[in-house]
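Chains, contacts and geometry: an overview
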Amino acid sequence: MPKLKYKKHDNDDKKKKKSKKKHHRSRSPKKQRRHDRHRHRYYSPPKIYNEEPGWIPVHDQPNEEDEWRQRLFEAMADDEGHDPFYAQYDNYHVDQVHTMNDEEYREHIAQGMFRRQNAEAIAHEERRQAERERRERERQEAQERMRQEHAKMVEEQKRQEAMLRRRTAIDSREQYELKWKHVESASTILSKKEIPWPVCPGTSLSAEHVKEFVLASAKTSDETRKMVRKEQLRYHPDKFVHRVLNKFQGTDKEKTRLHEKANEVSGWLNEIWQDLAAGR
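An unreviewed UniProt entry annotates the protein chain as NF-kappa-B inhibitor-like protein 1 of Lichtheimia ramosa. The Subcellular location (unreviewed entry) comment attached to the protein chain in UniProt states, word for word, "Nucleus".

Take a look at the structure:
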């Protein structure tokens, strides 16, 4: 079945043309002036002064007290609006704020605003402080390493010296025994240099040197005990007087000094024996 089409009438075309003409028709100048005269106008009051560029009226000028109050209210709003999830991890700050008086709280707010306004400068200063602390920590660590290295060097030096004294004691042991044989076999002793002492030649008479000399040549614990016991009998005060001082041809003052030295050596040997008995 063919499509049906409506029949066009002449009246429809006339209406369309008439509406187009009416739409494109412009107002006459006379009607335009009348329209402008009846348009709404806003009232503007007269000005009694001429405004200068950059001038701000008195009622619009900023007030320091108002600015301070505004910042204070903003800070209070920040404190009151703290996230409750994080508030439980910031109890110290909350408790501290609640225990402040007005002046302390004012100072607290001022410091907070200062940190906000100078955040970049404060961060820069904190980085500088962290750098200074890092350098100080590295310096202290370097000093500690140097101290430990120096302590190791001193310990190694002492160990080397002890080994040298031990070798010297072993080498001088033979001369020491020969002196004792001479003292025991001689009828008189003319000089103090003939009297043997249990230390290496050239070293002072002390407990440490006596111990090193006596224990230097011993290889086992039994040999050590025998060596210490032998020296105890030699420097026993009574036996030393009978074996040495009675043969010494010196003054009474020299004999007294030799007797005191023998007593000191006897005491040091007794300490060595006690250490061996205790297993030290």
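Now, onward.
Taken N-terminus to C-terminus, the directions of helix α8 (residues 207-216) and helix α11 (residues 252-278) make an angle of 60°; their axes are 10 Å apart at the nearest point. The orientation of α8 relative to α11 falls into the category oblique. Crossing hand, α8 versus α11: right-handed. Across the interface between the two elements, Ala 207, Val 210, Lys 211 and Val 214 of α8 pack against Trp 268, Leu 269, Ile 272 and Asp 275 of α11. In terms of residue class, the contact of α8 with α11 is made up of six nonpolar, no polar and two charged.

Bringing the side chain of Ser 266 into the picture now. Structurally, the position occupied by Ser 266 is in helix α11. Ser 266 gets classed as buried once you look at its relative accessible area, which sits at 10%. If sequence neighbours within four positions are ignored, Ser 266 has contacts with Tyr 235, His 236 and Pro 237.

Below, the discussion takes up the packing of aromatic side chains. Counted under the stated rule, the structure contains five aromatic pairs. Taken together, a centroid distance of 5.8 Å and an interplanar angle of 35° make the contact between Trp 197 and Phe 240 tilted. Taken together, the positions of Trp 197 in the loop between α7 (119-185) and α8 and Phe 240 in helix α10 (residues 237-245) put the pair 43 residues apart, joining distant regions of the chain. Each member of the pair, Trp 197 together with Phe 240, is buried. Taken together, the ring pairs connect Trp 180, Trp 197, Tyr 235 and Phe 240 into an aromatic cluster. In this arrangement the basic side chain of Arg 229 is found over the ring face of Trp 273, its NZ or CZ atom lying 6.0 Å from the centre.

As a further point, take the confidence of the model for the protein chain. The share of residues in the protein chain with pLDDT of 70 or more is 68%, and the mean pLDDT across the chain is 77. By mean pLDDT, the top-scoring element of the protein chain is α11 (90), and the lowest-scoring one is helix α4 (residues 84-87) (42).

Two elements in contact, α10 and α11, have axes separated by 10 Å at closest approach and are oriented at 140°. The angle between α10 and α11 falls in the class oblique. In the crossing of α10 with α11, the sense of the turn from one axis to the other is right-handed. Here Pro 237, Phe 240, Val 241 and Leu 245 of α10 come into contact with α11, specifically with Lys 255, Leu 258, His 259, Ala 262, Asn 263 and Ser 266.

It is worth spelling out the nonpolar core at this point. Ile 195, Trp 197, Tyr 235, Phe 240, Val 244 and Leu 269 are the most contacted members of the largest nonpolar core, which totals 27 residues. Looking at this core, the elements with two or more residues in it are α7, α8, α9 (221-234), α10 and α11. If you tally residues by element for this core, the top one is α11, at seven residues. Leave out the neighbours within four places in its chain, and Ile 195 touches Ile 189, Phe 240, Val 244, Phe 248 and Leu 258.

We now examine the environment of Asp 171. Relative to the assigned elements, Asp 171 resides in helix α7. For the pair Asp 171 and Cys 200, spaced 29 residues apart in sequence, the C-alpha separation works out to 9.1 Å.

Thresholds applied
Residues numbered from 1 in each chain as written. Predicted model: local features only at pLDDT ≥ 70, side-chain atom pairs only at ≥ 80, totals over all residues. Heavy atoms only, no water. UniProt positions renumbered as here; feature names shortened; annotations may be inferred. Axes fitted to C-alpha atoms, helices over the stretch in contact; angles between N-to-C directions. Helix = DSSP H or I, 4+ residues; strand = E, 2+ residues; numbered from the N terminus. Parallel < 35°, antiparallel > 145°, perpendicular 65-115°, else oblique. Left-handed = near helix turned anticlockwise from the far one by under 90°. Contact = heavy atoms within 4.5 Å. Nonpolar A, V, L, I, M, F, W, Y, C, P; charged D, E, K, R; others polar. Buried < 20%, exposed > 50% of the residue type's maximum accessible area, 1.4 Å probe, protein only. Phe/Tyr/Trp six-rings, centres within 6.5 Å; stacked < 30°, edge-to-face > 60°. Lys NZ or Arg CZ within 6 Å of the ring centre and 35° of its normal. pLDDT = per-residue confidence, 0-100. Core = buried A, V, L, I, M, F, W, Y, C linked by side-chain atoms within 4.5 Å.

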